[in-house]
Amino acid sequence: MSNVRPDTMVRITTPELAEQFIAEQVKEVQAQVGDKKVLLALSGGVDSSVVAALLIKAIGKQLVCVHVNHGLMRKGESEEVIEVFRNQLDANLVYIDATDRFLSLLENVAEPEKKRKIIGGEFIKVFDEEARKLEGISFLAQGTIYPDILESDGVKAHHNVGGLPEDMQFELVEPVKLLYKDEVRVVGKALGLPSSMVDRQPFPGPGLGVRCLGAITRDRLHALREADAILREEFDKNGLATKVWQYFIAVPDMKSVGVKDDKRYEGWPAIIRAVNTKDAMTATIEEIPYEVLHHITDRITHEVDGINRVLLDLTPKPIGTIEWE
């Protein structure tokens, strides 16, 4: 399979077309892999989840999925990976909770680029340690999709595990590399993955690490995770989840005074970011009804320990990037 999408390839828009694609890929993967083992870094994102489900269908337990929880996932995400893949799809899943490793390395690191490097570098280290414990792995599966190839001439170094040491030589298995994101989602649904996973919004590799602004502390990270879960829940309930491309909370490393139970109360602000975009190159601000904003504010300030204000970011891109860091 070359890295160029043929002009004759029909856009996958229906369950029938997805089923056809799945059947073709199952045959191709079986022919490529034979009876050998395949390793996959399963982040819980759309692309790696769809690749995992597709490969489980093709080769079952010959696929070894490694999920590294770096402690910077959104609320419930690692649990969902375990529930869907280990419990429902009976996958051969290795789960590593590396929260302490990551958070201790990130202590007192405020510089965004440095945080990204630490998170990316440590992820590769943890994945590499696990890969070395496994016997007889001949292939590495990746959730490369077509836009990755168009953007980078086929090298997806930052995203998956492009940083594996040179002495570990694997042949690549990339079953969705000719698909666009919307097609990957259709295929995921046809494979029976839950919509919470397939329609999941884009989530940066460093996860909440770049939304817990400045030096990450456990208490502020916890507050961010809880506030973000409330925002997602309310967007779901109010029909905004399908209208807004990306929405999240960022929590800066600053406190302001407030009042709680008639006492002065120092807390962090939670900043709501909700944007629409076609290509992530530019982004517009989605209007959220004030009653929804009031309700979200009420819930976050009452339910999340440590947060005493809610702010709304009204900045389009350009001038503000989508993420804060």
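See the structure shown above.
I will try to describe carefully the structure that is included in this document. Nothing here was measured: the structure is a model prediction, and the numbers come from that model. (Residues numbered from 1 in each chain as written. Predicted model: local features only at pLDDT ≥ 70, side-chain atom pairs only at ≥ 80, totals over all residues. Heavy atoms only, no water.)

A packed helix pair is summarised by two numbers, namely the angle formed by the two axes and the spacing between the axes. The contact between helix H1 (residues 15-33) and helix H7 (residues 181-190) brings their axes to 9 Å, and the two run at 85°. As far as their axial angle goes, H7 and H1 are roughly perpendicular. Contact with H1, carried on its side by Pro15, Ala18, Glu19, Phe21 and Ile22, involves Val186, Val187 and Ala190 of H7 and no other residues of that element. For the contact of H1 with H7, a count of residues per class yields 7 nonpolar, no polar and 1 charged. (Axes fitted to C-alpha atoms, helices over the stretch in contact; angles between N-to-C directions. Helix = DSSP H or I, 4+ residues; strand = E, 2+ residues; numbered from the N terminus. Parallel < 35°, antiparallel > 145°, perpendicular 65-115°, else oblique. Contact = heavy atoms within 4.5 Å. Nonpolar A, V, L, I, M, F, W, Y, C, P; charged D, E, K, R; others polar.)

The next subject is the packing of aromatic side chains. Taken as a whole and judged by the stated rule, the model has 2 aromatic pairs. Here the aromatic rings of Tyr146 and Tyr180 are separated by 5.6 Å at their centres, their planes lie at 90°, and the arrangement is edge-to-face. Here Tyr146, found in helix H6 (residues 146-152), pairs with Tyr180, found in the loop between strand S5 (171-173) and H7; they are 34 residues apart in sequence, far enough to count as distant. The class of Tyr180 is partly exposed, set by a relative accessible area of 24%. Here the basic side chain of Arg74 rests over the ring of Phe203, its NZ or CZ set 4.1 Å away from the ring centre. (Phe/Tyr/Trp six-rings, centres within 6.5 Å; stacked < 30°, edge-to-face > 60°. Buried < 20%, exposed > 50% of the residue type's maximum accessible area, 1.4 Å probe, protein only. Lys NZ or Arg CZ within 6 Å of the ring centre and 35° of its normal.)

Residues Leu39, Val68, Leu221, Phe235, Ile249, Ile300 and Ile307 are the most contacted members of the largest nonpolar core, which totals 46 residues. Counting residues per element, this core draws most heavily on helix H9 (residues 218-237), which supplies 7 residues. Within the second largest apolar cluster, 39 residues are counted, among which are Val29, Val84, Phe85 and Leu193. (Core = buried A, V, L, I, M, F, W, Y, C linked by side-chain atoms within 4.5 Å.)

So, about H7. Glu183, Val184, Arg185, Val187 and Gly188 are the residues of H7 that are buried. Two residues or fewer past H7, Gly192 is found with a positive phi of approximately 90°.

Moving on to the pattern of salt bridges. Overall, the coordinates contain 23 salt bridges when judged by the stated rule. Here Arg5 makes a salt bridge to Glu183, at a shortest N to O gap of 2.7 Å. Within this pair, whereas Arg5 is found in the segment before H1, its partner Glu183 is found in helix H7, the two being separated by 178 residues in sequence. For the pair formed by Arg5 and Glu183, the shared burial category is buried. Where Asp313 meets Arg273, a salt bridge forms, and the shortest distance between an N and an O atom there is 3.3 Å. Of this pair, Asp313 sits in the segment after strand S10 (307-312) while Arg273 sits in strand S8 (residues 263-276), and the two are 40 residues apart along the sequence. Across the pair, exposure class does not vary: Asp313 and Arg273 are buried alike. (Salt bridge = Lys/Arg side-chain N within 4 Å of Asp/Glu carboxyl O.)

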